[in-house]
Amino acid sequence: MPPISGLLPIREYILVALTATAVTYLLTGVVRRIAIRVGAIANPRARDVHVAPIPRMGGVGIYLGVAAAMGLAHQLPALSHGFDASFDSVGVLLAAGVISLIGALDDRFELDAWTKLAGQVMCAGILVIFGVQWVSFWVPWGGTGASFGSVLVLDKNQGALLTVVMVVVMVNAMNFVDGLDGLAGGLGFIAAAATCAFSLGLLDSSGGDVGTYPPALIAATLAGACLGFLPYNFQPAKIFMGDSGSMMIGLMLAGATTSASGRVPYPQFSGKDAIALLSPLVVVAAVLFVPLLDLIMAVVRRTRRGESPFAADKMHLHHRLLEIGHSQRRAVLLIYLWAGLLAFGAVSVTLFDDAAALWIIGAGLVFAVVVSIVPRLRSRNQPGT
């Protein structure tokens, strides 16, 4: 499909994101009162950091912000053509609504793990029905001659299976990491913002093709909604997003990255440009590195103890940071820093000069390591320790 204009609709994406921020901020207070009224309350448990009952179900406010922003985008002339070119945005919005509803029920009635898993698979199926699925990706083998690597083309069944697996992994990764005030919301904002930046790069390389609009729109609305929720959720939290929020964020990130992956013009890249070819997979790994690592460590830890992988404990990465000596706020900000370095680092390498991007990433990593271990070094230098 030919582009409508040589200019990228940056202002429209910013307007959509700010709309999601404003609507989420305005409606989360209402959702909080509703959560208290219906009894969706998180009472303190042994593994929890909070000490007083706090309402949850804040993900409903996040979803309403996303829905309002999507509605605005549909009415904006510069973005409305994206809905005609693809059903990706509509599919993600519908699947996000269903998984947010499932999460809201869990926030109130505490559903069992298998019921939630079935709901996650069903929502992934909604994405596949609307055409949001992996169709091909680059692999570093099978090249011929001077070319490095090859493009692996998936049939519909393989693409659908990969999409379902990715959605389930991302949803549970975000759910596992939601343990400190503002943590999941901040990671959702960072991940969505990085994915949006990558998607805008794809949009630019395509010359403004409206068929490339959906991933940036999905990511922009999610980033804006997460930002609007943070004032209520940052320590001390007034409301938790609950599963209605963490599962929805994971699904929308999976939807945005899957949508972007189908728009990478693989034939236009040389075999040596492996980073650019792998950008969708790199971004997926980078934006969710912290929660995915947390998820893997939790599953291994619980399995070794002979417990269910879904059993809860107090040994997540954020709990370890608290043990080192960081405050709640500092622990959250540190995880923001690490996630931002990984996410925007992966994106910057694919969009800007490699050498400059790598130097900046290296300096940032050194700074992050030093800041992370300062409390431990201080405790060792204290007399009697």
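Residue positions are counted from 1 within each chain, in the order its sequence is given. Local features are withheld for residues below a pLDDT of 70 in this predicted model, meaning they are given only at 70 or higher, and side-chain atom pairs are given and counted only at 80 or more; totals for whole chains, interfaces and linings count all residues. Side-chain measures here rest on the full set of heavy atoms in the structure, leaving out hydrogens and waters.

A. Focus on the packing of helix H2 (residues 59-75) against helix H8 (residues 213-233). All axes are obtained by fitting lines to C-alpha atoms, using only the stretch in contact for helices, and the reported angles, taken between N-to-C directions, cover 0 to 180 degrees. We count a stretch as a helix when DSSP gives it H or I for four or more residues in a row; a strand needs E for two or more, and each element gets its number in order from the N terminus. Where H2 contacts H8, the axes come no closer than 9 Å and their chain directions differ by 140°. As judged from the angle between their axes, H2 and H8 are oblique. Note that H2 runs across H8; the crossing there is right-handed. Along the contact surface, H2 presents Ile62, Val66, Ala69, Met70 and Ala73, while H8 presents Leu217, Ile218, Thr221, Leu222, Ala225 and Phe229. In what follows, roughly perpendicular refers to angles from 65 to 115 degrees, roughly parallel to angles under 35, roughly antiparallel to angles over 145, and oblique to any angle outside these ranges. Here a crossing is called left-handed whenever its near helix is offset anticlockwise from the far helix by less than a right angle, and right-handed whenever the offset is clockwise. Residue contacts follow a heavy-atom distance rule, with two residues in contact if any of their heavy atoms lie within 4.5 Å.

B. Structural context of empty space enclosed by the protein. In the cavity and pocket records, a cavity denotes points on a 1 Å grid over the protein atoms alone where a 1.4 Å probe fits but cannot get out, a pocket denotes an open set with protein on both sides within 12 Å along at least 5 of 7 lines, and lining residues are residues with an atom within 4 Å of a point. Grid points are joined across faces, edges and corners, and a volume is the space filled by probe spheres set on the points. A full pass over the atoms with the stated rule returns 1 cavity of 30 Å³ or more. Among the secondary structure elements, those contributing two or more residues to the lining of the largest cavity are helix H3 (77-85) and H8. Of the residues assigned to the lining of the largest cavity, the class counts are 5 nonpolar, 2 polar and no charged. Three residue categories are used. Nonpolar comprises Ala, Val, Leu, Ile, Met, Phe, Trp, Tyr, Cys and Pro, charged comprises Asp, Glu, Lys and Arg, and polar comprises the others, including Gly.

C. Highlighting the pattern of salt bridges. In what follows, salt bridge is the name for a side-chain nitrogen of Lys or Arg lying within 4 Å of a carboxyl oxygen of Asp or Glu. Following the criterion strictly, the structure yields 3 salt bridges and no others. Aspartate 106 is paired through a salt bridge with lysine 116; the nearest N and O atoms lie 3.6 Å apart. Within this pair, whereas aspartate 106 is found in helix H4 (residues 88-109), its partner lysine 116 is found in helix H5 (residues 113-129), the two being separated by 10 residues in sequence. By the burial criterion, aspartate 106 is buried, and lysine 116 matches it. Between aspartate 243 and lysine 116 there is a salt bridge, with its nearest N and O atoms 2.9 Å apart. Residue aspartate 243 is found in helix H9 (residues 242-261), and its partner lysine 116 is found in helix H5; the two are separated by 127 residues along the sequence. Under the scheme applied here, a residue whose accessible area is under 20% of the maximum for its type counts as buried, over 50% as exposed, and between as partly exposed, the area being computed with a 1.4 Å probe on protein chains only. Its relative accessible area of 10% is what places aspartate 243 among the buried residues.

D. Spotlight on the packing of aromatic side chains. Geometry of aromatic contacts follows a simple scheme: Phe, Tyr and Trp rings, the Trp one being its six-membered ring, pair when their centres are within 6.5 Å, and the pair is stacked under 30 degrees between planes, edge-to-face over 60, tilted otherwise. Tallied over the full model, the rule gives 3 aromatic pairs. Here the aromatic rings of tyrosine 13 and tyrosine 213 are separated by 6.4 Å at their centres, their planes lie at 75°, and the arrangement is edge-to-face. Taken as a pair, tyrosine 13 in helix H1 (residues 10-38) and tyrosine 213 in helix H8 lie far apart in primary sequence, 200 residues in all. Each member of the pair, tyrosine 13 as well as tyrosine 213, is classed as buried.

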